[in-house]
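Per-entry structural report
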Amino acid sequence: PKKREGGRVYYSKVLLGGGSEIRERDAIKLQAPDGKPAFLGRVLSLWENDKDGFKMMRCAWFYRQCETAKGVRAKAHPREVYVSDDHDDNYLTTIEKRCTIMHEVQIPAAIREEFL
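The text that follows walks through the structure, step by step, so that each part is easy to find. Every chain begins its residue count from 1, and numbering advances along the sequence as written. Selection of residues for local features in this predicted model requires a pLDDT of at least 70, selection of side-chain atom pairs for listing and counting requires 80 or more, and totals for whole chains, interfaces and linings are taken over all residues. Side-chain numbers come from the whole structure's heavy atoms, not from hydrogens or water.

1. Details of the pattern of salt bridges
Take a side-chain nitrogen of Lys or Arg and a carboxyl oxygen of Asp or Glu: if they are within 4 Å of each other, that pair is a salt bridge. All chains considered together, the criterion is met by nine salt bridges. The residue Arg23 makes a salt bridge to Glu21 at a minimum N-O spacing of 3.0 Å. Given a relative accessible area of 39%, Arg23 falls into the partly exposed group. You can call Glu21 partly exposed: its relative accessible area is 26%. Salt bridges sharing partners connect three or more residues here, namely Arg8, Arg58 and Asp89. For every residue, the accessible area obtained with a 1.4 Å probe (protein chains only) is divided by the maximum for its type, and the residue is called buried under 20%, exposed over 50%, and partly exposed between those limits.

Okay, structure coming up:
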């Protein structure tokens, strides 16, 4: 445990049922309703509730262009996402898997053409 506070035990990392490790600051895909693409977020904190034992996380959301108030831009890449200040708490069981979200300048030059 990282710390105990307010009826919660905080952790810097957790192991999911399939054995994959999730850490604070990881980008993740979360379950979405059938037929919808996975939600995308970044883990801000991980904890277990003392009272009920639920394992939880707080995540900040990324949005696809079609999920923004301005909608789809003509020249936007279909895999482009936008960071937001929105965040909320979710059960760890909603995590599908870890993923990679990069700023376009972080994409290696050798493969940048494939993404941009």
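Next comes the rest of the write-up.
2. Here's the deal with the nonpolar core
Of all hydrophobic cores here, the largest spans 12 residues; its members are Val14, Leu16, Ile22, Ile28, Leu30, Val43, Leu46, Met57, Cys59, Trp61, Leu92 and Ile95. For this core, the secondary structure elements donating two or more residues are strand 5 (27-30), strand 6 (39-49) and strand 7 (55-64). Secondary structure counts use DSSP, requiring at least four H or I residues in a row for a helix and at least two E residues in a row for a strand, with both numbered from the N terminus. For this core, the leading source of residues is strand 7, giving three residues. If we ignore the near neighbours within four places in the chain, the residues touching Leu16 are Ile22, Leu92 and Ile95. Only buried residues count toward a nonpolar core, which is a set of Ala, Val, Leu, Ile, Met, Phe, Trp, Tyr and Cys residues joined through side-chain atoms within 4.5 Å. Counting five residues, the second-largest nonpolar core is a separate cluster that includes Ala27, Phe62, Cys99 and Ile101. In what follows, residue pairs with any heavy atoms lying within 4.5 Å of each other are defined as contacts.

3. Some remarks on the environment of Val81
Following the sequence through the fold, Val81 ends up in strand 8 (residues 81-91). When the C-alpha positions of Val81 and Ser20 are compared, they lie 24 Å apart, and in sequence the two are 61 residues distant. Setting aside anything within four residues of it in sequence, one finds Val81 in contact with Leu40, Phe62, Tyr63, Arg64 and Ile101.

4. A look at the packing of aromatic side chains
Note on aromatic pairs: the rings of Phe, Tyr and Trp (six-membered ring only in Trp) are paired at centre separations within 6.5 Å, and the planes decide the class, stacked below 30 degrees, edge-to-face beyond 60, tilted for the rest. On inspection of all chains with the given rule, the structure shows three aromatic pairs. Centroid distance Phe39 to Trp61: 6.1 Å. Interplanar angle 70°. Geometry classified as edge-to-face. With Phe39 in strand 6 and Trp61 in strand 7, the pair connects residues that are 22 residues apart, well separated along the chain. For Phe39, a relative accessible area of 35% translates into the label partly exposed. Judged by relative accessible area, which is 13%, Trp61 ranks as buried. Taking 5.4 Å as the distance between ring centres and 75° as the angle between the ring planes, the aromatic pair formed by Phe54 and Tyr91 counts as edge-to-face. One end of the pair, Phe54, is in the loop between strand 6 and strand 7; the other, Tyr91, is in strand 8, and 37 residues separate them in sequence. Residue Tyr91 is classed as partly exposed on the basis of its relative accessible area, which comes to 41%. Our definition puts a charge over a ring when NZ of Lys or CZ of Arg is within 6 Å of the ring centre and also within 35 degrees of the ring normal. In this arrangement the basic side chain of Lys3 is found over the ring face of Tyr10, its NZ or CZ atom lying 5.1 Å from the centre.

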